Amino acid sequence: MSRTLRSRLFSVSNPREVWLVTVAHAVNEFYSVALPPILPLLVDDFAISYGEAGALLTVFYVTYSVFQLPAGALADRVGQRWILAVGMVVLSGGILLAAGAGDYRTLVAAEVLAGIGGSTYHPAGMSIISDLEGATTEGKAMGIHGLGGVVGTALAPALVGGLAALFDWRLALTVGAGVGLVYGLIFLALFRDVPGPAVEADGGPEPDAEPDRGPAGHGSASGNRGASTRTFASVPLERWVAVLFLANLAISTELGAVRTFVTSYLVEHAGTSTGLANGVFFAMLVGAGIASLGAGTLADTMDRRTLGVAAMVASALALAGTALVPAVPVALVAWFFLTGVVMWAALPAMNAITSAYSERGFSGSLFGVMLTAGSLGGAAGPLLFGVAAERFGMGTAFPMVAVVSAAGAAVFLAMRRGVGTPGA
């Protein structure tokens, strides 16, 4: 990789902090999809349906969703560092409980505990990046952050799926749980709390200056809005909040459904082995990683609304076309790689837009609200997909998710043109 290309993709104002948070994101997302690679094994071992298997992920994301709002408010008040690290340890404990589960009820309890721990990450981690990076680097930083999530997601089928195939799924989850426990301690030792709102990393305003990071005047919400326009945890109650909420909901519903059931879809519908299915899943996530970096860089140089619309339309087409892909390994790998590229391209644009609206005074709370939408979508996606697969067949479920992608494109169109784009 040339120095110029490396600079375009990775050059941010606070690289040490961004990369520490990015690795934490990888750990968080690893646990979020620790169960999907072994769902066929859980279905057999616990004699449950795919609907019940999908409900495990729904339980995780509902709990995740419920606790994100208080986690975001807490991050604004007591510090993001401790909230993030303690949550990582609790999340690891939930995965460890799942590893020793003797029945379905214990699996449900494990997902509840994991959801509580996982709920702390995004409001704390993403608000750290938003607070540290300025308008010209926040898209790139969010792309790097997204890459961490993709890597963590990719490691789940590789590590959990691989160890489960070689040894046992319980051992796979136990080994995975150790990763979070260790990194939680590493993060506490190496990361320093984000300082108060002094000078912006890119040379922005002093504390008393009127903030101008938001698009079309919205970024100065705390300076221009009275207390009567505030809702929970000081997030302004305005139209742009609802639009961002719905966009996050659509993206997360789509991603939650696809990444939960891609292994099951390939095993049950395409007739592949579990090993090959997890290999295709990995290829999809390689595409997602490429999209995260590339789209993150684009989000700093082009209209983010346009980028989001294009990604969601392409996702709808890719998901609708899944039913036409022949059950040939090369074709499956190629198609799901491209699907990963287009599906994950919307995330850096969405996160950069949210960052443009946020301020240090309520950044944790704003990301808590937005990521509550993400958790709700993550909860709804697996459940809806599981029910659709049981009622209409596994082969029709992916094309049905394309409807969600199309709705997401419509929500992006409802945003202001030029929203959050530097210089807009």
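Residues numbered from 1 in each chain as written. Predicted model: local features only at pLDDT ≥ 70, side-chain atom pairs only at ≥ 80, totals over all residues. Heavy atoms only, no water.

## Thoughts on the overall build of the protein
Looking only at helices and strands, the protein features 17 helices and zero strands. Here the protein, with 424 residues, has 59% of them falling under the buried criterion. The long-range fraction of contacts in the protein, counting pairs at least 24 apart against all pairs at least 6 apart in sequence, stands at 83%. Put simply, the protein shows about 15400 Å² of open surface, and 68% of that area lies on carbon and sulfur atoms. (Helix = DSSP H or I, 4+ residues; strand = E, 2+ residues; numbered from the N terminus. Buried < 20%, exposed > 50% of the residue type's maximum accessible area, 1.4 Å probe, protein only. Contact = heavy atoms within 4.5 Å. Areas by Shrake-Rupley, 256 points an atom, 1.4 Å probe, with all protein chains shown as cover.)

## Re a nonpolar patch on the surface
Side chains of Leu166, Phe167, Leu171 and Val175 sit close together on the surface and give an oily, nonpolar patch of about 420 Å² of accessible area. In this structure, Leu166 sits in helix H8 (residues 138-166). (Patch = residues over 30% accessible without salt bridge, like charges linked within 9 Å, V, L, I, M, F, W, Y side chains within 5 Å. Salt bridge = Lys/Arg side-chain N within 4 Å of Asp/Glu carboxyl O.)

## Comments concerning the packing of helix H12 (residues 274-298) against helix H14 (residues 329-344)
In contact at an axis separation of 7 Å, H12 and H14 are set at 35° when each is read in the N-to-C sense. Crossing handedness for the pair H12 and H14: right-handed. Only Pro329, Leu332, Val333, Phe336, Phe337, Gly340, Val341 and Trp344 of H14 make contact with H12, whose side of the interface consists of Leu276, Val280, Ala283, Met284, Leu285, Val286, Gly287, Ala288, Ile290 and Ala291. Of the residues contributing to the contact of H12 with H14, the split by class is 16 nonpolar, two polar and no charged. (Axes fitted to C-alpha atoms, helices over the stretch in contact; angles between N-to-C directions. Left-handed = near helix turned anticlockwise from the far one by under 90°. Nonpolar A, V, L, I, M, F, W, Y, C, P; charged D, E, K, R; others polar.)

## Considering unusual backbone geometry
The general pattern is negative phi for most residues beyond glycine and trans for most peptide bonds. The phi angle at Ala47 is positive, at roughly 55°, despite the residue not being glycine. Here Ala47 lies in the loop between helix H3 (39-46) and helix H4 (50-78).

## Re the nonpolar core
Judged by nonpolar contacts, the single largest core of 120 residues is most densely connected at Leu173, Leu266, Trp344, Phe385 and Phe412. Here the element with the most residues in this core is helix H11 (residues 239-268); it accounts for 14 residues. With residues up to four places along the chain from it excluded, the contact list for Phe385 reads Ala257, Phe261, Met394, Ala397, Phe398 and Val401. (Core = buried A, V, L, I, M, F, W, Y, C linked by side-chain atoms within 4.5 Å.)

## Description of the packing of aromatic side chains
All chains considered together, the criterion is met by six aromatic pairs. With 5.9 Å between their ring centres and 55° between their planes, Phe46 and Trp169 make a pair best called tilted. One end of the pair, Phe46, is in helix H3; the other, Trp169, is in helix H9 (residues 169-190), with 123 residues separating them in the sequence. Across the pair, Trp169 and Phe46 agree in class, each one buried. (Phe/Tyr/Trp six-rings, centres within 6.5 Å; stacked < 30°, edge-to-face > 60°.)

## Focus on the environment of Gly51
Position of Gly51 relative to the elements: it lies in helix H4. Its relative accessible area of 18% is what places Gly51 among the buried residues. Separated by 336 residues in the primary sequence, Gly51 and Val387 have C-alpha atoms spaced 5.8 Å apart.

## Looking at the environment of Gln80
You can see Gln80 is positioned in helix H5 (residues 80-99). The buried category is assigned to Gln80, whose relative accessible area is 8%. Gln80 sits 45 residues away from Gly125 along the chain, and the two C-alpha atoms are 7.2 Å apart.

## Notes on the packing of H4 against H11
Where H4 contacts H11, the two axes come as close as 11 Å, and the packing angle between them is 165°. Relative to H11, the element H4 lies roughly antiparallel. As H4 runs across H11, the sense of the crossing is right-handed. Only Arg259, Thr260, Phe261, Ser264 and Glu268 of H11 make contact with H4, whose side of the interface consists of Tyr50, Gly54, Leu57 and Tyr61. Split into classes, the residues belonging to the contact of H4 with H11 amount to four nonpolar, three polar and two charged. (Parallel < 35°, antiparallel > 145°, perpendicular 65-115°, else oblique.)

## Considering a negative patch on the surface
On the surface, Asp44, Asp45, Asp168 and Glu268 cluster together into a patch of negative charge. By the secondary structure assignment, Asp45 is in helix H3. When its relative accessible area of 53% is taken as the criterion, Asp45 is described as exposed. (Lys, Arg positive; Asp, Glu negative; His and termini not counted. Charge placed at Lys NZ, Arg CZ, Asp CG, Glu CD.)

## Things to note about the environment of Gly134
By secondary structure assignment, the location of Gly134 is in the loop between helix H7 (121-132) and H8. Separated by 222 residues in sequence, Gly134 and Ala356 have C-alpha atoms that sit 8.7 Å apart.

## So, the side chain of Thr263
Here Thr263 shows up in helix H11. Those residues in contact with Thr263 that lie beyond four places of it in its chain are Pro36, Pro37, Ala277, Asn278 and Phe281.

## Some words on helix H2 (residues 15-32)
Helical geometry: 3.6 residues make up each α-helical turn, so side chains three or four residues apart lie on a common side. An ideal rise of 1.5 Å per residue puts 26 Å on 18 residues; H2 measures up with 25 Å between its terminal C-alpha atoms. When you tally the buried positions in H2, you get 14 out of 18 residues, the bulk of the element. (Expected span 1.5 Å × (residues − 1).)

## Overview of the confidence of the model for the protein
It should be kept in mind that the predicted coordinates are not to be read in detail where pLDDT is low. For the protein, mean pLDDT is 77; residues scoring 70 or higher make up 82% of the total. Segment residues 196-233 is flagged for pLDDT under 50; beyond a separation of four residues in sequence, or across chains, it makes 75 contacts in the model. (pLDDT = per-residue confidence, 0-100.)

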